[in-house]
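As a plain string of letters, each chain reads:
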Amino acid sequence: MGLLPRTHHGAERGGEGMISTIAYGLTIGAILYIISIGLSLTFGTMRIVNFAHALVYTIGAYALASSLPFFGGSFVLAVIFGVVVVIPLAYLIERFVIRRLYGQSIDYAIIATYAVLLIGVDACKWVWGATPLSVSDPIGTAWTILGVDLPVYRLIIIALSLLVFVVLELFFRRTVVGKVVVAGLEDKEATRSLGINVDKYFSFVFILGSCLAALGGALYVPITSLHPYMGFQVLLLSFAVVIVGGLGNMRGTFVAAFALGLVMAVTGRFWGAASETMVFVVMAVALIVKPIEV
Amino acid sequence: MQSSLFDTLKKFDLLIIAAIFLLFIPLLTMQRTTDFMIFCVFVLAFDLIYGYMGRLSFGHMLYLGVGAYAAALSAEHLSGNPFLALLVAVVAGGAVGLLLGPIIVRTTGACFALINLAFNQVGFFLALIALAEWTGGEDGMAAFYDSVWIFDFGDPKVIFGFTLLCLIAVVYFVRRLTDSPFGILLRTIKENETRAKFLGYNTFFYKLLAFVLSTSLAALAGALTMLNYTYATPSFIDPTRNVEVIFACLIGGAGNVYGALAGGIGYMVISNYLPNYIQRWEMFLGIALLVVVFRFQAGIWGYCRALITARKGEVKA
């Protein structure tokens, strides 16, 4: 169930090892950020924990792996395919599960989306089998920076997450749709009283978040291995990111994702097995310092 | 006439519960029936938090696992006395609840569910890897219990009888607890915590108390599982198994002792027999959960109760 890159060697010592550890941490942080946005948005707008988010992530990753041969090995096209494929799935989940549970106890939403996750994971096992698959690094070269070999692919992931951050900032601050969503995050009732159909925008946000989760899943495939249960672990980590960053706080999510990615990498350097547990310890500390009373 | 019949039945409910489980023995093996009862204790512990206090925990396996491992470690390091093991397990469950409770009970809704899940994950990691020296890691650990007086827990009949007594005691305890002012306050917290605070109650304290009681009961279920199987594995603390108790609680009907029992039995029957016929068990479980959430929220007991009230109405008319 390990989430740390399998090429990561905890045994390295010295300053060079630390630089590559930090680089790995930033890569994990970038992936966590891309995945967590959707969770943070649905959490912030609908107060729903969407367990099906993990399913969308898994589907995105599997779609990339199986479509790669059809696109003649073009990684970019396969990533785009992985992202597009989840749009109808996300729409169906939103339309037939989440929308039917508006206004009801949120516990039912948690259980229902978990049920969707169970069904989807079992379907993945059915289609692709339970044995882990892997995809090789699409670029394969590494740049030497400060005497450390850094794979270019990871640097691209970090750059891409920064790009996503900038685009989302612009989207939420400059466009009407983005502003409506921000207003809905702040006060749903007041936004609705202005005559705005908030739910329509929320379902748009839901699909956007799902696409980003699929993007994160697709980008992560070359670093880790693919298996039907890969979503469970990532979901908990992204939840920790959302909690530490603040519900529905986009910038907080960004900072928290990279901070927790570094926590994972640094812990993993000394004790590989403890890296994920450390994230939850940080989350518990964050909750003690700043309790969430929703 | 009908209503008085139900009232009479309700007076002897503990006896009826015992009779139902005794009737299960010829249908199943004795160890299976014991398993059913242990699961019912666990569902009751979960229901105290979910059904009565309205907080969905997605990590109750942690407390079950703590109980199981505590009972196993007690046999290995302290003494083979099974009652000491039970005591150690319940105290350990309570201690974990007391340690994590102040962080957990301040949250509600989704946060409550997922923080429990996160701690469950930490516990799973501790049992599987970090403390593998003591817990045996993936291989698990065996524990052997001495026989004390007439209680020789190697005998399935003895463990059946003892578990039945435990279950009856827990049912009685939970019913008394939830009928008491404390139980009413818990339901007030479920409905509207701000009002409970308005009335001057320190809701944090009561929530913590309910949480610790629930974790102790879950640990008791874990310790009983240890007595029944004498072997602890990381599957006792596996966070992906949390859905079992949630499903059991939902199909039975949350917030009711009889509902929890009906759900516990119902889930165990389904999970023991259906996987023999259905290949895709997780998919079935998911679909069943969706059906329960969308069409059957009141559960088995809620359905029965609606039937009874309808009958009562007819009698009066």
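Conventions adopted
- Residues numbered from 1 in each chain as written.
- Chains lettered and ligands numbered in written order.
- Predicted model: local features only at pLDDT ≥ 70, side-chain atom pairs only at ≥ 80, totals over all residues.
- Heavy atoms only, no water.
- Helix = DSSP H or I, 4+ residues; strand = E, 2+ residues; numbered from the N terminus.
- Expected span 1.5 Å × (residues − 1).
- Buried < 20%, exposed > 50% of the residue type's maximum accessible area, 1.4 Å probe, protein only.
- Contact = heavy atoms within 4.5 Å.
- Phe/Tyr/Trp six-rings, centres within 6.5 Å; stacked < 30°, edge-to-face > 60°.
- Lys NZ or Arg CZ within 6 Å of the ring centre and 35° of its normal.
- Buried area = accessible area lost by both parts, 1.4 Å probe.
- Salt bridge = Lys/Arg side-chain N within 4 Å of Asp/Glu carboxyl O.
- Patch = residues over 30% accessible without salt bridge, like charges linked within 9 Å, V, L, I, M, F, W, Y side chains within 5 Å.
- Areas by Shrake-Rupley, 256 points an atom, 1.4 Å probe, with all protein chains shown as cover.

J.: Looking at this structure, how should I read helix α2 (residues 52-67) of chain A?
T.: Turn by turn, an α-helix covers 3.6 residues, leaving residues three or four places apart pointing in a common direction. Taking 1.5 Å per residue as the helical rise, α2 of chain A with its 16 residues ought to reach 22 Å, and the 22 Å between its terminal C-alpha atoms agrees with that figure. Most of α2 of chain A sits inside the fold, with 15 of its 16 residues counted as buried.

J.: Would you mind going over the side chain of E94 of chain A with me for this structure?
T.: As for its placement among the helices and strands, E94 of chain A is situated in helix α3 (residues 75-98). Here E94 of chain A is in contact with R99, Y102, S203 and F206 of chain A, once residues within four sequence places are set aside.

J.: Mind showing me how you'd approach the side chain of T178 of chain B here?
T.: All names here are of chain B. Within the fold, T178 resides in helix α8 (residues 156-179). The exposure class assigned to T178 is buried, which follows from its relative accessible area of 3%. Ignoring any residue separated from it by four or fewer positions in sequence, one finds T178 in contact with L48, Y52, G183, I184 and R187.

J.: Would you take a moment to explain the packing of aromatic side chains for this structure?
T.: A ring pair, where both rings are aromatic, is described by two values, the distance of the centres and the angle of the planes. Counted under the stated rule, the structure contains 27 aromatic pairs over all chains. With a centroid separation of 5.8 Å and an interplanar angle of 85 degrees, the aromatic rings of Y63 of chain B and F211 of chain B are classed as edge-to-face. Residue Y63 of chain B is located in helix α4 (residues 61-78), and its partner F211 of chain B is located in helix α11 (residues 203-229); the two are separated by 148 residues in the primary sequence. In this structure, Y63 of chain B and F211 of chain B share a single accessibility class: buried. Geometrically, the ring pair formed by F205 of chain B and Y206 of chain B is edge-to-face, given 5.4 Å between the ring centres and 75 degrees between the ring planes. Through a chain of ring-to-ring contacts, the aromatic side chains of F51, Y114, Y229 and F232 of chain A together with F58 of chain B assemble into a single cluster. Between the NZ or CZ atom of R95 of chain A and the centre of the ring of F96 of chain A, over which it lies, the distance is 5.4 Å.

J.: I keep staring at the interface of chain A and chain B and nothing clicks. Help me out?
T.: How big an interface is tends to be stated in terms of accessible area lost as the parts join. Each side of the interface is counted separately: chain A has 42 residues, and chain B has 40 residues. Roughly 3,800 Å² is buried in total at the junction of chain A and chain B, and carbon and sulfur atoms are behind 75% of that figure. In this assembly, chain A and chain B are joined by two salt bridges. Between R280 of chain B and D122 of chain A there is a salt bridge whose closest N-O contact spans 3.6 Å. Secondary-structure elements contributing two or more residues to the side of chain A that touches chain B are α3, α4 (106-128), α9 (230-245) and α11 (275-289) of chain A. In terms of residue count, the dominant contributor to the side of chain A that touches chain B is α4 of chain A (15 residues).

J.: Explain a nonpolar patch on the surface here, please?
T.: Residues and elements named next belong to chain B. Taken together, the side chains of L5, L9, F12, L15, I16 and I20 make up a nonpolar region of the molecular surface, amounting to roughly 550 Å² of accessible area. Counting residues per element, the ones that place at least two in the nonpolar patch are α1 (2-11) and α2 (13-27). The dominant element in the nonpolar patch, judged by the number of residues it contributes, is α2, at three residues. Looking at the secondary structure, you find I16 in helix α2. Overall, the relative accessible area of 32% leaves I16 in the partly exposed class.

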